[in-house]
Amino acid sequence: MKNAVARWALLLFALLIVGPGLARLHGLISAGDGGPDVTALTGAALGVGALTLIAQFLVAALIGALTANLVGVRAGLVATGFALLAPAHANGTLLGLMRWNGTTGAFRMLAIEGAVVLALGVAAALFVSRAGRRHETEPADKPLTAATGVAFIVALAAGGAAAWIIARETLAGQTIGAAGVAGLAAATLGRIASPRAHAAVFIGALGALAVVGPLAAISVHGADVARDVYELHVLPIARPLPLHWMAGGFIGVPLGTAWASQLMEKKAARPAPAR
């Protein structure tokens, strides 16, 4: 009972207090038109944007680590995602970004930001997992093994397919939700493919999609990419912004690993058919 109260108190603290506080840092990032639709590395001052992004991940990882240490790793990962939700929503939408920076250069910067978010997300996941390792009953494989390589490929494909289906609009709520479903699918199928794969592998897969999406949009749409965003013809995996992928991923991945564990436990408990 005490654990449940502590878990929900920490999760709500991350969602309602830490997240909105981190979202206020978004005001330091300047869009070309003075509006709110801008990401860390598409704004006027790259240095300020990069430092803002790092600060947001650092604080989110700290609240995640505290939660993981007290009540478990999965709750810690969710707390990290909850802390990133408000900052992700503050980034606005791809459509809003295209209104003032409708060039392929914006997508190149989004791909670079995706790579930064990938690195920060994996580092945060490893940090949170380490903080909560006393609660782990089954140690995970090291992130860099052949088995986790298979898990990463499966997670990348499953996450990309899920986001492709769900991300029908560029609205922040829907793209963050699509990333959450992508994280759920990635972790579920990835953990089934490699039962001891580290959660950071699946966070990494979502981060990789934050890189693949903008690059795929440039390749497919070329100079017409801004027009295709306006007409909602842009590739669905290009619609979530980098921080959308991470906020949704940190929430979806632990749910996916829990779901995969339940599925495998039921399969193991099922009696073998009589011959």
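Now for a look at the structure at hand. (Residues numbered from 1 in each chain as written. Predicted model: local features only at pLDDT ≥ 70, side-chain atom pairs only at ≥ 80, totals over all residues. Heavy atoms only, no water.)

Observations concerning empty space enclosed by the protein
- Enumeration according to the criterion identifies one cavity of 30 Å³ or more in this entry.
- Surrounding the largest cavity, His26, Ile29, Thr39, Ala40, Leu53, Gln56, Asn91, Glu113 and Leu243 form its lining.
- Of the residues assigned to the lining of the largest cavity, the class counts are four nonpolar, four polar and one charged. (1 Å grid on protein atoms, 1.4 Å probe; cavity = no way out; pocket = protein on both sides within 12 Å on 5 of 7 lines; lining within 4 Å. Points joined across faces, edges and corners; volume = space filled by probe spheres on them. Nonpolar A, V, L, I, M, F, W, Y, C, P; charged D, E, K, R; others polar.)

Here's the deal with the layout of surface pockets
- The volume enclosed by the second largest pocket comes to roughly 170 Å³.
- Counting only elements with at least two residues in the lining of the second largest pocket, the list comes to helix H1 (2–24), helix H3 (73–90) and helix H10 (242–269).
- The residue inventory of the lining of the second largest pocket, partitioned by class, reads eight nonpolar, no polar and two charged. (Helix = DSSP H or I, 4+ residues; strand = E, 2+ residues; numbered from the N terminus.)

What about the environment of leucine 53?
- Take leucine 53: it is sitting in helix H2 (residues 46–71).
- Overall, the relative accessible area of 2% leaves leucine 53 in the buried class.
- In this structure, the C-alpha to C-alpha distance between leucine 53 and alanine 197, residues 144 residues apart in sequence, is 27 Å.
- Leave out the neighbours within four places in its chain, and leucine 53 touches Ala40, Glu113, Val116, Val117, Leu120 and Leu243. (Buried < 20%, exposed > 50% of the residue type's maximum accessible area, 1.4 Å probe, protein only. Contact = heavy atoms within 4.5 Å.)

Remarks on the side chain of histidine 221
- Tracing the backbone shows histidine 221 in helix H8 (residues 199–221).
- What histidine 221 contacts, discounting residues up to four positions off in sequence, is Asp228, His233, Val234 and Leu235.

Things to note about the pattern of salt bridges
- Taken as a whole and judged by the stated rule, the model has two salt bridges.
- Shared partners join several salt bridges into a network, and the residues in it are Asp224, Arg227 and Asp228. (Salt bridge = Lys/Arg side-chain N within 4 Å of Asp/Glu carboxyl O.)

Considering the packing of H3 against helix H7 (residues 172–193)
- Interhelical geometry of H3 versus H7 gives an angle of 135° and a closest axis separation of 10 Å. Considered as vectors, H3 and H7 are oriented oblique to each other. In this structure, H3 meets H7 at a crossing whose hand is right-handed. Here Leu85, Ala88 and His89 of H3 lie close against H7, whose contacting residues are Ala172, Gly173 and Ile176.
- Here the contact of H3 with H7 is built from residues that sort into four nonpolar, two polar and no charged. (Axes fitted to C-alpha atoms, helices over the stretch in contact; angles between N-to-C directions. Parallel < 35°, antiparallel > 145°, perpendicular 65-115°, else oblique. Left-handed = near helix turned anticlockwise from the far one by under 90°.)

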